[in-house]
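# Structure at a glance
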Amino acid sequence: MPRSLLFVVLAACGRDPAEGTCDDLCHELVVSCDYAAFPSLESCLQGCLYDASQGADLEGQLACTVEAACDTFAIVECEHTYGVE
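In this report, we go over the structure that sits alongside the text. (Residues numbered from 1 in each chain as written. Predicted model: local features only at pLDDT ≥ 70, side-chain atom pairs only at ≥ 80, totals over all residues. Heavy atoms only, no water.)

### Thoughts on the overall build of the protein chain
Per the secondary structure count, the protein chain includes five helices and zero strands. Ordered by position from N to C terminus, the α and β elements of the protein chain give α-α-α-α-α. The long-range share in the protein chain, meaning contacts at least 24 apart out of those at least 6 apart in sequence, stands at 49%. Accessible surface, the protein chain as shown: approximately 5,700 Å² in total, 57% of it carbon and sulfur. (Helix = DSSP H or I, 4+ residues; strand = E, 2+ residues; numbered from the N terminus. Contact = heavy atoms within 4.5 Å. Areas by Shrake-Rupley, 256 points an atom, 1.4 Å probe, with all protein chains shown as cover.)

### Considerations on the side chain of Glu 28
Along the polypeptide, Glu 28 turns up in helix H2 (residues 17-32). When neighbours within four sequence positions are excluded, Glu 28 is seen to be in contact with Cys 33, Thr 65, Val 66 and Cys 70.

### Details of the nonpolar core
Counting residues in each nonpolar core, the largest one holds 16 residues, and the members touching the most others are Leu 25, Leu 29, Cys 44, Cys 48, Leu 58 and Ile 75. If you list the elements that add at least two residues to this core, you get H2, helix H3 (41-53), helix H4 (58-68) and helix H5 (72-82). Looking at this core element by element, the count peaks at six residues for H2. Those residues in contact with Ile 75, other than ones at most four positions away along the chain, are Leu 29, Cys 33, Tyr 35, Thr 65, Ala 68 and Cys 70. (Core = buried A, V, L, I, M, F, W, Y, C linked by side-chain atoms within 4.5 Å. Buried < 20%, exposed > 50% of the residue type's maximum accessible area, 1.4 Å probe, protein only.)

### Re the packing of H2 against H4
At their nearest, the axes of H2 and H4 sit 10 Å apart, and the two run at 20 degrees to each other. When the axis of H2 is compared with that of H4, the two are roughly parallel. The handedness of the crossing between H2 and H4 comes out as left-handed. Contact residues: H2 offers Ala 18, Thr 21, Cys 22, Asp 24, Leu 25, Glu 28 and Leu 29, while H4 offers Leu 58, Glu 59, Gln 61, Leu 62, Thr 65 and Val 66. (Axes fitted to C-alpha atoms, helices over the stretch in contact; angles between N-to-C directions. Parallel < 35°, antiparallel > 145°, perpendicular 65-115°, else oblique. Left-handed = near helix turned anticlockwise from the far one by under 90°.)

### Topic: the side chain of Thr 65
Take Thr 65: it is sitting in helix H4. Under the relative-accessibility criterion, Thr 65 is labelled buried at 1%. With residues near it in sequence (within four places) discarded, Thr 65 still touches Leu 25, Glu 28, Leu 29, Ile 75 and Cys 78.

### A few points about H2
An α-helical turn contains 3.6 residues, so a residue and the one three or four places further along point in the same direction. If you check H2, its first and last C-alpha atoms are 22 Å apart, about what 16 residues at 1.5 Å a residue would give, namely 22 Å. Every buried residue belonging to H2 is among Ala 18, Thr 21, Cys 22, Leu 25, Cys 26, Glu 28, Leu 29 and Val 30, and all of these are buried. Each element contacted by the buried residues of H2 is listed here: H3, H4 and H5. Just downstream of H2 lies Asp 34, where phi reads positive at about 50 degrees. (Expected span 1.5 Å × (residues − 1).)

In structure tokens, the structure reads:
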């Protein structure tokens, strides 16, 4: 197994599942939708991981956000429904 692949496999084994969901959610918000609330992927990831630590339903929020198709009002509603109260 090449060293770089081994590193990726080992890094993924110790990874918090919320990180993967946050990666997907933030990619949708920042890259796909250019959502103004997050100036960068890093700021989105920090907020997402904080929300995860507070009990947010990240899977639900991700599904809702993808379904919102970059509609800002729908994205805000997703955050209210699945995010931290």
